[in-house]
Every structure is written in structure tokens, then in C-alpha cells.
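# What the coordinates show
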Amino acid sequence: MFKRFFLFLLFIFILSSTVQPVSAQASGPVYIVQSGDTLSGIAVRFNVSINDLIAANPSLNPNFLSEGQQIVIPGLEGLTGVLETEVISFGDTLRSLSRRTQVSDELLQKLNHLVSPTELYVGISLIIPTQEQREPLKTRMTAASGESLLELAVKQSSDPWTLASINKLSGTWAALPGDILYSPTGSSEENATGLPSAFLSASIEPLPLVQGSTEVIRARVQEGASPAGILIDMPLHFFQGNGEQVALQGVHALLEPGVYPLLLEATLTDGSKQSFEQMILVTSGNYSSEDIPLNDPSFIDPAITEPELKNVISLTAPATPTRYWTDVFASPATDPDCFTSWYGTRRTYKVINSDVETPGFHTGLDFCGGEGLQIFAPAPGRVVFAAPLTVRGNATIIDHGWGIYSGFWHQSQLYVNVGDTVEQGQVIGLVGGTGRVTGAHLHWEVWANGIQVNPLDWLNQAYP
Ligand SMILES: [Zn+2]
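Now for a quick tour of the structure. These figures come from a predicted structure and were not determined experimentally.

If you walk across this open sheet you meet the 4 strands as 7-9-13-12, and the pairing is antiparallel. Only two strands of the sheet have a single neighbouring strand rather than two, namely strand 7 (199–205) and strand 12 (239–240). When strand 7 meets strand 9 (residues 214–221), the two strands line up antiparallel, connected through 6 bridges. Paired with phenylalanine 199 across the two strands is valine 221, which belongs to strand 9.

Turning to its location among the elements, valine 391 is positioned in the loop between strand 22 (381–389) and strand 23 (393–401). The exposure class assigned to valine 391 is partly exposed, which follows from the 19 C-beta atoms found within 10 Å. For the pair valine 391 and glutamate 308, spaced 83 residues apart in sequence, the C-alpha separation works out to 7.7 Å. Aside from chain neighbours lying at most four places away, what touches valine 391 is Ile304, Thr305, Glu308, Gly435 and Arg436.

Once that is clear, we can look at the pairing of strand 22. Alignment of strand 22 against strand 25 (residues 421–422), held across 2 bridges, turns out to be antiparallel. Across the sheet, the residue bridging to glycine 381 is valine 422, located in strand 25. Across 7 bridges, the pairing between strand 22 and strand 23 is antiparallel. Counted as the bridge partner of proline 388 is asparagine 394 from strand 23. With antiparallel pairing between neighbouring strands as the criterion, strand 22 and strand 23 make up a hairpin whose turn holds 3 residues.

Thresholds, definitions, all that
Residues numbered from 1 in each chain as written. Predicted model: local features only at pLDDT ≥ 70, side-chain atom pairs only at ≥ 80, totals over all residues. Pairing = 2+ DSSP bridges. Helix = DSSP H or I, 4+ residues; strand = E, 2+ residues; numbered from the N terminus. Buried ≥ 20, exposed ≤ 12 C-beta atoms within 10 Å, placed from the backbone. Contact = placed C-beta atoms within 7 Å.

As C-alpha cells, this is what we get:
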């Protein structure tokens, strides 16, 4: 009898000791495993050791994480709910995220190990705790100069004290003109962002930016407002797209990887401006390097190369409002997929038997095949240049509109004239070896708002 009672006690003990970790599992904040996650990656993410993670999740098999599995994150006292991951898009700031998610910016900073606000660049992914009882706020408004919180509150059918509280203002007097505030009332179908309210939305893709990429910047603005902007140091040209304004901008192949600013600005119908600037990550294009031996030093003589480059830059600078192309570009070569040199390759031009050398990069795409082959217009456009140049030889430049240009160098024959309209696939000339080349070949380059970009992108996808 006593023995049976002892066994019963032992059973209760075992039961309670196995139940305990399960109840502990339900108490802390949980992270939901995403595809591609590893335990060590999650540990780094939340700044905890793998051992602590395993201790907090006794039933966890460290070698087998399944997507959607919940993992308790230890060391975050006082926090409950689900820790979600969100990729920062253009328009998000720590302040707007805090206001939108109703999580304090101190907690967001602590969870994400952010030391300074500049670390919050577009494209990084942040951990956001979500609480069931807290509804994200969606309606955005911007106080105009001289407008009080009371006036704003009336517009939103709210009251200034509620607005001050949810926007974490120190008082109802503390809203600044241009500040982006959130309201619990009103309805907005737009995603809440930290953008000034003149912007219904704004985005940039692809992200992160890559050396040589063509970036598409989209903005939807309030009725009558007009957008402008600067990416890194290039002023953007916006054109009317499908219900949105679109700008295309190249990223220079030699731009040092790092974070750079994107500034967007909207001019309202009353002439006032609202602007927003955010840091964006630029990554390496992982281009290879090569040495180009030269017999003739005049090939790299700046007295010849610089004025010619300046001429090409000025020819490709205007952003024509007409977009002539609609589809993906077609290869301009007879052998469309055969290349002898790719865009972006770092080149060091070395004069033989001398220590003269010049750095540069390959600004276009070289195709296989030589003398006399046909060259086709890759997309519709208007010819803005067709004449011989010293370095580039017989050259044609086609304006495709919206700041996009194609250049064809070293031709043996030019078949088009300045002012001609060309169709996609039209023969515009023949391949040759004119200008400073070692052999006859077609060099094709694409310019996007003043910068040479990777032409392969234009053969692989339709812009914008
Ligand atoms: Zn080339």
C-alpha cells in the first residue's frame, strides 16, 4: 500500500517535471521559424546563446527546425506575444515603426541591437513584437505649418490627447510641422509608413541596390502633387506610369558598396514641399578584373578620351518624356546569347613596356562575331547620334525615352541618321573594328539617367 502510494507520488513528480517546461514554453515571447532559419542564426539574431535557446525550449531538436515552429526567446522579461520579422521598406523610420506598431522605440532598438537611427536602412530585416490587443495604426497625417494638434484631431474625428498619447508626444503642443502622425480613427487603405502624407506610397527596387543595377523608383502622391528626388547624387526624373509616377536610375559600377541616401520630395498644389530621406544599402556586383595590354598610349590619353566621353554623357543626359519601349529589350546581335566580355569587369589598361596604366571598367556588353554582321535596334527609339568618334569608332546612340539610351560602338557601317525613329529589330548598321579596338566586335551599352548599367538586365526583364 505504502509502496503504491510512493509510486503514485513518483508519477506525479515525473508528470509535473515534464509539464513544467511546456508551461515555461508558453510564457516568453515566441519567434516563428522562417524558411532557411538555423538555430545559430536565431541565436545571433536575438543575442542569446544556443545553450540558452535549448534550455528555454527543452523539446527542441537543434538539428531539425521546421518552418512555422514556435521557439521561446529567453531573456526578454516582460515581453509576450510573437516576434515577427519585417523587412524595412522605403518610408519606414524607427519613429514611424514605433507609432505604427505601438511598440516603444527603446524596445525596438533593444530587440534589434540598433545603436543609431542610421542603422535602420532600407532592406534590413527587423524584429517587431506583435501583441494581439494592439491594432497597428494606419491613418497618417502631416501637420502643416501653423496647424495645431487640435485642428488635426478634428479632421480625424479624434481628440488631441489621444493623438499626443499614441504618437508619444510630450504634450498636445508638441507636434511639429511636417511631422508624420498616426491616428486611430479614419480609414486609409495605404500601408502605414513614415512617409510624409503627400506620399500615398513610395518604393525602390531591386533591393539592395547593386553596382550596375537599374533601379525603379515608384511614387504615388496626393492629387495634384508632383514628386522629385535624388538617389545618391543623381536627380531623378519622374514620369507618369500606370497610376503612379516612375523614375529609372542607374547605379554606377564603381560605386563603393555602403549605405547611401534616397531623397524624395513632393511639391503640393499650394507650392509647399514635403520631403523624406532614407539610407539605402548598395552592394557589390562581384565583377571580375582583367588587365588590357596596350601598344599605343594614345588609347588612354585623357586629352582624347575625356572630351569624347563628355560628348557621350551630354548626348545621353536628357530624359525624354515619351517612353518609346514597352517590352523587354531584344538582343542587338546576330548571335544573341554569345558574349566575349561582360559589363562591369574592372579593367586596368597597361601600356606595354611602360609603367603607364589607367583604371576603368567595361561599360557595356561585347558580343561574339565580327566584321559585317547586322546590328538590330534592341527596342524602339529615336536616333540622337550616328557618326564616327575617335575611341568608339562609328557610333550610334538611340534614345528610348525616360532617360534610357543604347549605344553601339566600333561599327563598319551606319544605316541610320539623327532624328530617325527606329523599331525593335530594325537593322541600324553593321559590326566593325573602327575606333580603338583590337578586333571587330559589337559593343552595346545602356544608359539609365546618366549612368551606364548592366545591359543583361534589360534583356532579362521588362522595365519599369
Ligand atoms: Zn566592349
